[in-house]
Amino acid sequence: LRQGLDKTRRNILNQLKAIVGQGPLNQAAVAEIEAALLQADVGVEATDYIISELQKKLRAEVTAPEEAIAFLKEILRDMLDQPLKESHKSSFAPDKETLNIWLITGVNGAGKTTTIGKISHLAQKSGYKCLIGAADTFRAAAVEQVKVWGTRSGVEVISNPGKNTDPAAVVFDAIAAAQARETELLLVDTAGRLQNKKNLMDELSKIRRIIDKKAPKAKIESLLVLDATLGQNGLRQAEVFSQAAQLSGVVLTKLDGTAKGGVALAVVQQLGLPIRFIGAGEGIEDLRPFSSYEFVEALLS
Ligand code: GDP
């Protein structure tokens with residue numbers, strides 16, 4: 001992870017360490033930290049919050065540079081953990097007692113297909129019975145692409161080869177297959193067309209209705225795959241999705257590239273959604289369950 005985040009770290013947040021490490025944290029240093037956070041895609045709202053928390057701590061306690069860095073890490077960790085009200089454990093542990101259905105959405109190019117492949121591999125490796133439902137039937141090549149990943153991870157892909165296939169029909173078939181095979185994790189590739197929010201909403205709610213009917217006890221997650229290199233533009237994308245889908249979390253991809261990791265803080269602060277996984281590479285192994293501790297250490301140590 002540290003290696004994957006190398007560029008991200010070098011890009012910006014490391015600046016914070018340099019500023020904080022210089023000596024007593026006076027107002028000038030705080031202003032520099034603020035600028036660095038904004039530059040790191042943390043966004044205005046989350047930056048304001050971090051600065052006000054930092055000021056509170058600084059008023060109350062001594063401020064040797066190491067202590068100030070420790071404060072900053074603590075603030076960032078607390079922020080990232082807030083949506084779940086618990087510490088993020090870096091583990092992959094869907095409930096084995098029931099069927100878990102994860103709806104994966106995201107705009108073209110965000111890394112949705114790759115992420116589904118990576119999660120299916122992780123599931124397989126962790127001893128879960130996994131299936132993939134290819135319900136992004138709108139995009140011509142999507143089904144084929146997801147099948148390529150299924151072959152790589154050794155996870156079967158349920159699709160419906162007919163023309164103009166209804167995504168909800170694929171979900172229906174995929175649940176039937178999952179139930180017949182006592183699958184523990186069903187990953188559903190769902191469309192991510194933002195151009196027409198109403199269509200997207202209709203499609204997703206139809207899928208939800210099928211799940212409610214066919215698998216009322218399933219544990220549902222709805223994950224948005226978000227390209228971290230888009231920075232604040234990605235955040236606006238995420239806002240639209242969170243209005244259209246009942247999202248339960250975000251997968252942040254491409255953190256190995258030019259991304260400024262701050263967008264993770266912006267997502268959490270502004271949307272109240274936890275980051276569930278991070279992608280840091282194109283390979284099947286390049287996905288990690290998100291851990292606030294690891295993330296903050298990777299950025300600031
Ligand atoms: P989709 O259109 O959302 O399904 O996106 P794809 O999964 O096809 O990915 C689009 C491009 O992003 C591909 O070239 C992937 O290899 C690349 N990609 C996906 N995830 C990552 C990542 O975490 N890091 C990097 N560097 N590239 C990624």
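Cut-off values and rules
- Starting afresh in each chain, residues are numbered from 1 along the sequence in its written order.
- Whole-chain, interface and lining totals are the exception, using all residues; otherwise, since this is a predicted model, local features are given only for residues with pLDDT of at least 70 and side-chain atom pairs are given and counted only at 80 or more.
- Each side-chain value is worked out from all heavy atoms of the structure, with water and hydrogens disregarded.
- Only the six-membered ring of Trp is used, alongside the rings of Phe and Tyr, when aromatic pairs are assigned; centres must lie within 6.5 Å, and planes under 30 degrees apart are stacked while those over 60 apart are edge-to-face, with the rest tilted.
- By definition, any uninterrupted DSSP run of H or I lasting at least four residues is a helix, any uninterrupted run of E lasting at least two residues is a strand, and each is numbered from the N terminus.
- The buried label applies to any residue whose accessible area, calculated with a 1.4 Å probe on protein chains only, is under 20% of its type's maximum; exposed applies above 50%, and partly exposed to all values in between.
- Think of it as a cone above the ring: NZ of Lys or CZ of Arg counts as a charge over the ring if it is within 6 Å of the ring centre and within 35 degrees of the ring normal.
- A fitted line through C-alpha atoms serves as each axis, taken over the contacting stretch for helices, and the angle formed by two N-to-C directions is quoted from 0 to 180°.
- Just so you know how the angles are binned, under 35 degrees is roughly parallel, over 145 roughly antiparallel, 65 to 115 roughly perpendicular, and the rest oblique.
- Left-handed describes a crossing whose near helix is turned anticlockwise from the far helix by less than a right angle; the clockwise case is right-handed.
- By definition, residues are in contact when any of their heavy atoms lie within 4.5 Å.
- Under the scheme applied here, ten amino acids are nonpolar (Ala, Val, Leu, Ile, Met, Phe, Trp, Tyr, Cys and Pro), four are charged (Asp, Glu, Lys and Arg), and all others, including Gly, are polar.
- The pairing criterion for strands is at least two bridges between them, as found by DSSP.
- Whether a crossover is right-handed depends on one test, that the path from the first strand over the helix to the second runs clockwise when the strands point away from the viewer.
- Here, proximity means that at least one heavy atom of the residue falls within 4 Å of the molecule or strand.
- Think of a polar contact as two N or O atoms within 3.5 Å of one another; within protein, one of them needs to be a possible hydrogen donor and the other a possible acceptor, and neighboring residues in sequence only count if both atoms come from side chains.
- Using the Shrake-Rupley algorithm and a 1.4 Å probe, accessible areas are obtained, with residue cover drawn only from the displayed protein chains.
- UniProt positions are given in the numbering used here, feature names are shortened, and annotations may be inferred rather than shown by experiment.

Chemist: Where do I start with the packing of aromatic side chains in this structure?
Modeler: Two aromatic rings are characterised by how far apart their centres lie and by the angle between their planes. Counted under the stated rule, the structure contains five aromatic pairs. Pairing Phe92 with Trp102 gives two aromatic rings, centres 5.9 Å apart and planes at 75 degrees, and the pair type is edge-to-face. Residue Phe92 is found in the loop between helix 4 (65–81) and strand 1 (100–105), and its partner Trp102 is found in strand 1; the two are separated by ten residues along the sequence. On the accessibility criterion, Phe92 (12% relative accessible area) is buried. On the basis of an interplanar angle of 55 degrees and a centroid distance of 5.9 Å, the ring pair of Trp102 and Phe277 is categorised as tilted. Of the two residues, Trp102 is situated in strand 1 and Phe277 in strand 7 (residues 275–279); the sequence distance between them amounts to 175 residues. As far as burial versus exposure is concerned, Trp102 and Phe277 are alike and both buried. Connected via pairs of aromatic rings, a cluster forms that spans Phe92, Trp102, Tyr128 and Phe277. Over the ring of Tyr128 we find Lys96, and its NZ or CZ is 4.7 Å from the ring centre. Taking NZ or CZ as reference, Arg152 lies 4.3 Å from the ring centre of Trp149, over its face.

Chemist: I would appreciate a short explanation of unusual backbone geometry in the present structure.
Modeler: Note: most residues except glycine have negative phi, and most peptide bonds are trans. Backbone geometry places Asp41, a non-glycine residue, at a positive phi of 70 degrees. Inspection of the secondary structure puts Asp41 in the loop between helix 2 (27–39) and helix 3 (44–60). Given the relative accessible area of 14%, Asp41 is considered buried. Backbone geometry at Lys254 places phi at a positive 65 degrees, although glycine is not the residue there. On the secondary structure map, Lys254 appears in the loop between strand 6 (249–253) and helix 10 (263–271).

Chemist: Got a minute to help me understand the packing of helix 5 (residues 112–125) against helix 6 (residues 142–153) in this structure?
Modeler: Packed helix pairs are specified by the crossing angle of their axes together with the interaxial distance, meaning the distance between the axes. As a packed pair, helix 5 and helix 6 sit with axes 9 Å apart at the nearest point and diverge in direction by 25 degrees. Taken together, helix 5 and helix 6 sit at an angle that is classed as roughly parallel. As helix 5 runs across helix 6, the sense of the crossing is right-handed. Along the contact surface, helix 5 presents Thr113, Thr114, Ile116, Gly117, Lys118, Ser120, His121 and Gln124, while helix 6 presents Gln145, Val146, Trp149 and Ser153. For the contact of helix 5 with helix 6, a count of residues per class yields three nonpolar, eight polar and one charged.

Chemist: Honestly, the pairing of strand 2 (residues 130–134) in this entry has me stumped. Any pointers?
Modeler: In the case of a regular strand, side chains alternate between the two sheet surfaces. The buried fraction of strand 2 is high, at five of five residues. Where strand 2 lies against strand 4 (residues 185–189), five bridges are found, and the strand directions are parallel. For Ile132, the partnering residue across the bridge sits in strand 4 and is Leu187. The β-α-β motif built from strand 2, the intervening helix 6 and the parallel element strand 3 (residues 156–158) has right-handed crossover chirality.

Chemist: I'm lost on the site of the ligand in this one. Help?
Modeler: Neighbouring residues of the ligand: 16 residues in total, closest Gly109, Lys112, Thr113, Thr114 and Glu282. Note that an oxygen atom of the ligand is positioned 3.4 Å from one of the side-chain N or O atoms of Lys118. At 3.0 Å, a backbone N or O of Lys254 approaches an oxygen atom of the ligand. Taken by itself the ligand offers 590 Å² of open surface, and the protein chains cover 78% of this. Here the element with the most residues in the shell around the ligand is helix 5; it accounts for four residues.

Chemist: What's the story with helix 11 (residues 292–300) in this structure? I'm lost.
Modeler: For an α-helix the count is 3.6 residues per turn, leaving residues at separations of three or four pointing the same way. Across the nine residues that make up helix 11, a large majority, seven, are buried. Within helix 11, burial applies to Ser292, Phe295, Val296, Glu297, Ala298, Leu299 and Leu300.

Chemist: Please explain the UniProt feature "domain: SRP54-type proteins GTP-binding" (unreviewed entry) in the protein as it appears in this structure.
Modeler: UniProt records the feature "domain: SRP54-type proteins GTP-binding" (unreviewed entry) at residues 274–287, using the numbering of this structure. Its end C-alpha atoms 16 Å apart, residues 274–287 is made of 0% helix and 43% strand.

Chemist: Sorry if this is basic, but what is going on with the environment of Pro83 here?
Modeler: For Pro83, the location among the structural elements is in the loop between helix 4 and strand 1. Of the residues examined, Pro83 reaches a relative accessible area of 23% and is grouped as partly exposed. When the C-alpha positions of Pro83 and Leu204 are compared, they lie 23 Å apart, and in sequence the two are 121 residues distant. Here Pro83 is in contact with Val268, Gly272, Leu273 and Pro274, once residues within four sequence places are set aside.

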